[in-house]
Every structure is written in C-alpha cells, then in structure tokens.
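Summary of structural features
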Amino acid sequence: MTAPVAIVMGSQSDWPTMRHAADMLDALGVASDCRIVSAHRTPERMFDFAKGAADEGFKVVIAGAGGAAHLPGMIASMTHLPVLGVPVQSKALSGQDSLLSIVQMPGGIPVGTLAIGDAGAKNAGLLAAAILAIGDDALAERLKAWRKAQSDSVAERPSDGN
Ligand code: RP5
C-alpha cells in the first residue's frame, strides 16, 4: 500500500532537516515515502513525480528545498494534492532565500509554507497528519494524544539547571 504522505527534497543535503517531518509522521503512525527530487538537477524526475503523485496514492506532499527553492511551487503547479513547503536553511542566506522562494507563490497555485529548518519540517509532518486526520478518526485521536503529551511535558515554572 502506498504511503499517504510523500516527502520530497531537492538534495541529500536536505535530509537532516526533512527527516524531522518523517520522524514526526512516524511517531503518529503515518507512513511516508521519502525521495530526492530536484527542480533543477532532476527536472524530469520532478515532472514525473508531480504528475503521478495522486495516481500513486499520495494524499499530501511535503516538499523541502533550499536556496532557489522552486521545488514545492513546481510540484504544486502539477498536482491538485495539498503541497506543504519547507524552506531548508541555506548556508549563504540562512534560509531567507528558501523561505521567500517558497512562500511567494502567485495567486492560484498555493503552497502551504512552514518555518525555516527543523521546526518547519516537524510542523509539516504535524500539518500533514492533521489534514489526513480529517478523514481518519483513529489518527485524529493519536494527534490529540500527541498534543496533550506535549502540553503535559511543559513545566509550569522554570527550574535551575536547564
Ligand atoms: C537545493 O539546493 C537543495 O534543496 C538544497 O537545499 C540546496 C543545496 O543542494 P546541494 O548543493 O547541497 O546538493 O536544490
């Protein structure tokens, strides 16, 4: 059975960031399929992936890229599936280039853009799970439990030693 979430990234170098999306989904019991798909270096792979994503059975696409980060927007232009974009932190401009490349889509082709870096990848996983949970009560319960555990883990007062 196809995983419901595709996690694609422009480069192997994006994996330390994008694995946070995969880890988050794994913690929620959601399978993901992680692939390297570059808008610039493997444009035909990107085309084939985006055109075939819905037929493959994916429900949500998480796409991460850094620098001139065209990948999420290009994929969104070729599939009706929801696309969540993760700006990977670049060396030259600390990910501000990635963020602006991903977030500034023209009206008509949306990309749900998350924060730069690890937090964005983690939240992309959570948001993908929330989208899937609309039609999956068991997943909704797991997501609520995860959120409660997070709340419960926050101390009411700060302590020394942290
Ligand atoms: C983008 O260029 C990738 O998404 C990556 O964030 C960035 C740098 O790629 P590498 O030169 O590390 O492969 O396409």
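Residues numbered from 1 in each chain as written. Predicted model: local features only at pLDDT ≥ 70, side-chain atom pairs only at ≥ 80, totals over all residues.

- In the nomenclature of an unreviewed UniProt entry, the chain corresponds to N5-carboxyaminoimidazole ribonucleotide mutase from the organism Croceicoccus ponticola.
- As recorded by UniProt, the Function (unreviewed entry) comment attached to the chain reads in full: "Catalyzes the conversion of N5-carboxyaminoimidazole ribonucleotide (N5-CAIR) to 4-carboxy-5-aminoimidazole ribonucleotide (CAIR)."
- The UniProt entry for the chain carries the following text under Catalytic activity (unreviewed entry): "5-carboxyamino-1-(5-phospho-D-ribosyl)imidazole + H(+) = 5-amino-1-(5-phospho-D-ribosyl)imidazole-4-carboxylate". (UniProt positions renumbered as here; feature names shortened; annotations may be inferred.)

Examining the site of the ligand
- If you check the shell around the ligand, you find Gly10, Ser11, Ser13, Asp14, Ser38, His40, Ala65, Gly66, Gly67 and Val88 and nothing else.
- When the residues that make up the shell around the ligand are grouped by side-chain class, the tally is two nonpolar, seven polar and one charged. (Near = placed C-beta within 6 Å. Nonpolar A, V, L, I, M, F, W, Y, C, P; charged D, E, K, R; others polar.)

With respect to the UniProt feature "binding site: substrate" (unreviewed entry) in the chain
- Taking the UniProt record as the reference, the feature "binding site: substrate" (unreviewed entry) is found at Ser11, Asp14 and Arg41. For the residues just named, distributed over 31 residues, the greatest C-alpha separation is only 14.1 Å, placing them together at one site.
- On the secondary structure map, Ser11 appears in the loop between β1 (5-9) and α1 (15-27).
- Apart from the residues within four sequence positions on either side, Ser11 is in contact with Ile36 and Ser38. (Helix = DSSP H or I, 4+ residues; strand = E, 2+ residues; numbered from the N terminus. Contact = placed C-beta atoms within 7 Å.)

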